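Structural overview
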Amino acid sequence: VADALLSLGIATEFAPSREPNAKPFVERFNRRINYELIHTLPGSTLDHHHKRAGFDPYKDAALTLEELDRACHRWICEKYHRRPHRGLGGRSPLEVWEEGAKICPPQLKMNMEDIDIEFCEVTTSRVQHYGIDLNNSRYDSSQLQNLRACIPRDSKVTVKWARRDVGFVWIWDSINQEFFKAQNREPDFNGVTLEQAK
């Protein structure tokens, strides 16, 4: 996340651990999403121990990670951002955002693929004659082989990869200053999550 934020021009400031007063707005948001959304969903572990009697979240869970992600997005966009907040003078976060965007339009990357690349896991890997090794898979592309020919032997490259799909990785081309895609050499892994691949 820190790497992605830096690429987007956002400075990361870490709050001290075990000090909720150092990040009250985050704590308040977490409490609100827990009580108003998460604890209302099937499979929730609930907030108090005495409410969990006879409840097995592993057996009773009824949502996939994608469905949970969708539910969170809908709640944030349709409920949280539209509800008036006392700390915002009775205005909703959406109204405050729109006012600020008129004064100072955001200059963030708006290409969905760029955002996906930014928020991937990041690591480095040595380029071999067959490509690169990552998470027990091998990745290769013609662009990777061209890059290998141009960089010093045994050089490492920056690799970004998504846990949700081990069918490809993004590799930073230090010569052309851009990311390019390298495919998993096993086509059966396209669309497979890291957990499924393991």
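**Here we look at the confidence of the model for the chain**
Residues with a pLDDT of 70 or more make up 90% of the chain, whose mean pLDDT is 88. Averaged over each element, pLDDT in the chain is lowest for helix H3 (residues 57-60) (67) and highest for strand E3 (residues 137-140) (96).

**So, the packing of aromatic side chains**
Going through the model one piece at a time under the given rule, you end up with five aromatic pairs. Aromatic side chains Phe29 and Trp75 sit 6.1 Å apart centroid to centroid with 55° between the ring planes, which places their arrangement in the tilted category. Here the residue Phe29 occupies a position in helix H2 (residues 24-36), and Trp75 occupies one in helix H4 (residues 65-78), the gap between them amounting to 46 residues. For Phe29, a relative accessible area of 23% translates into the label partly exposed. By relative accessible area, which is 6% here, Trp75 ends up buried. The residue whose ring lies beneath Arg138 is Tyr130, and the NZ or CZ to ring-centre distance is 3.8 Å. Sitting over the face of the ring of Phe168, Lys181 holds its NZ or CZ atom 4.3 Å from the ring centroid.

About the cut-offs
- Per chain, the residues get numbers from 1 upward, laid out in the order the sequence is written.
- At least 70 in pLDDT is required for a residue's local features to be given in this predicted model, at least 80 for side-chain atom pairs to be given and counted, and no such filter applies to totals for whole chains, interfaces and linings, which use all residues.
- With hydrogens and water excluded, all non-hydrogen atoms of the structure serve as input to the side-chain values.
- On a scale of 0 to 100, pLDDT captures the predictor's confidence in every residue.
- Segments assigned H or I by DSSP are reported as helices when at least four residues long, segments assigned E as strands when at least two residues long, and all are numbered from the N terminus.
- Put simply, two rings from Phe, Tyr or Trp (the six-membered ring, in Trp's case) pair if the centres are within 6.5 Å, and we call them stacked under 30 degrees between planes, edge-to-face over 60, tilted for the rest.
- A 1.4 Å probe rolled over the protein chains alone gives each residue an accessible area, and that area as a share of the maximum for its type sets the label: buried under 20%, exposed over 50%, partly exposed in between.
- Whether a charge sits over a ring comes down to the Lys NZ or Arg CZ being within 6 Å of the ring centre and within 35 degrees of the ring normal.

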